[in-house]
Amino acid sequence: MSNRLFIPKSNNLSIAWAQAFLAVMEHGTTELAPLVISVTDFTDSGVANENDAVRKRLDQELEKIGDYPCHSVANTIFPESMWNPLSKNNAVELFKRYERNWSGIKHYRDNRRGVYFRRLTAFQPKNTDGTDGQRVNQLQYILDTFKAGNHRRSALQASVLDPTRDNTNSRIQGFPCLQQVGFAAVGNGGLCVTGFYPLQYMFKKAYGNYLGLCRLGRFMAAQMGLSLVQMNCIVANANLGDLNKNELIGFANDLRSLLNDLKDGT
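What counts as what
Residues numbered from 1 in each chain as written. Predicted model: local features only at pLDDT ≥ 70, side-chain atom pairs only at ≥ 80, totals over all residues. Heavy atoms only, no water. Helix = DSSP H or I, 4+ residues; strand = E, 2+ residues; numbered from the N terminus. Rg over C-alpha atoms; globule rule 2.2 N^0.38 Å. Buried < 20%, exposed > 50% of the residue type's maximum accessible area, 1.4 Å probe, protein only. Areas by Shrake-Rupley, 256 points an atom, 1.4 Å probe, with all protein chains shown as cover. Lys, Arg positive; Asp, Glu negative; His and termini not counted. Charge placed at Lys NZ, Arg CZ, Asp CG, Glu CD. Phe/Tyr/Trp six-rings, centres within 6.5 Å; stacked < 30°, edge-to-face > 60°. Core = buried A, V, L, I, M, F, W, Y, C linked by side-chain atoms within 4.5 Å. Salt bridge = Lys/Arg side-chain N within 4 Å of Asp/Glu carboxyl O.

(A) Main features of the overall build of the protein chain. The helix and strand inventory of the protein chain stands at nine helices and eight strands. Computed over its C-alpha atoms, the radius of gyration of the protein chain comes to 19 Å, within 12% of the 18 Å expected for a compact globule of 266 residues. In the protein chain, which comprises 266 residues, the share counted as buried stands at 48%. Approximately 13300 Å² of the protein chain is accessible, and the part contributed by carbon and sulfur atoms is 49%. The protein chain carries 30 positive and 24 negative side-chain charges, and their two centres are separated by 5 Å.

Have a look at this one:
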């Protein structure tokens, strides 16, 4: 079949990504529609457990074609290196640090339309006259309203899509693929973060997307006095983008071998 619903069996970030990637590589499948990823395998401090061999092999293949490694993709959602979780006012410091560095970040060609973390912390739609509107730090709002006692889940949502900037007639736009991020307190002191993508490239971007959402969730959980326990990513359409399966057969075979070794306990 050309497209199908797919839900990986694993709750580990690396293995769930690998299962989804191999699913779209199957004969007769052109896309996963929808793809639902749910990661619940975290350390006690909210760091997503990963399989180093899977991520290293993916990064090697990405480097071979001159594309960004998983960490760089994740940084567009959450710039982990700028966050010092041990600092007393670490959220405020992160937002200020990112803003100071924004002038340099935006000059990269791939960032010309924007960066996800920037949309989350400085959402700025255009006014009807075309001028820039008021900036909104959506993450700060979510933290403030949650700490004030408002745990209504519809209040803990952040938008990336900006109709005043993103609604164009361009056939290929690139950014933003991530449209919305939601946060929800679950269970006894847990936090669930959910991202929605209308389109996701399984080879070039997906792993980094999941990693970035997990890192963003860990940051928000720390500010809210919660522990990150779940990351969901809902993808309306997952495919290989501008790559064809023949280019990725060798990599896919290596990935299958890695997963088989995990089953065998080696």
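(B) Summary view of the packing of aromatic side chains. In total, this model carries 14 aromatic pairs according to the counting rule given. Arranged with centres 5.4 Å apart and planes meeting at 65°, the rings of Phe21 and Phe251 form a pair that is edge-to-face. Note that Phe21 is positioned in helix α1 (residues 13-24) and Phe251 in helix α9 (residues 245-264), a separation of 230 residues in sequence. On the basis of relative accessible area, Phe21 is assigned to the buried category, the value being 0%. Here a set of aromatic residues connected by ring pairs shows up, and it is made of Phe78, Trp83, Phe95, Tyr98, Trp102, Phe117 and Phe219.

(C) Representation of the nonpolar core in the model. Of all hydrophobic cores here, the largest spans 77 residues; its most connected members are Trp17 and Phe21. Of all the elements, helix α8 (residues 206-224) adds the most residues to this core, at 11 residues.

(D) Spatial organisation of unusual backbone geometry. Note that the residue after Ala33, namely Pro34, is joined by a cis bond; omega there is 0°. Of note, Pro34 is situated in strand β2 (residues 31-39).

(E) Broad picture of the environment of Lys147. On the secondary structure map, Lys147 appears in helix α6 (residues 138-147). Along the backbone, Lys147 and Thr76 are 71 residues apart, and their C-alpha atoms lie at a distance of 26 Å.

(F) Spotlight on the pattern of salt bridges. Tallied over the full model, the rule gives 11 salt bridges. Of the charged contacts in the structure, one is a salt bridge between Arg4 and Glu26, with a shortest N-O distance of 2.8 Å. Here the residue Arg4 occupies a position in strand β1 (residues 3-6), and Glu26 occupies one in the loop between α1 and β2, the gap between them amounting to 22 residues. The class for Arg4 is buried, based on a relative accessible area of 18%. Between Glu61 and Arg57 there is a salt bridge, with the nearest N and O atoms lying 2.9 Å from each other. On the criterion of helical spacing, the pair formed by Glu61 and Arg57 is a turn pair, its members being four residues apart in helix α2 (residues 52-64). Take Glu61: its relative accessible area is 6%, and that puts it in the buried class. Residue class for Arg57 comes out buried when judged on its relative accessible area of 15%.

These results come straight from atomic positions and should not be treated as a statement about function.
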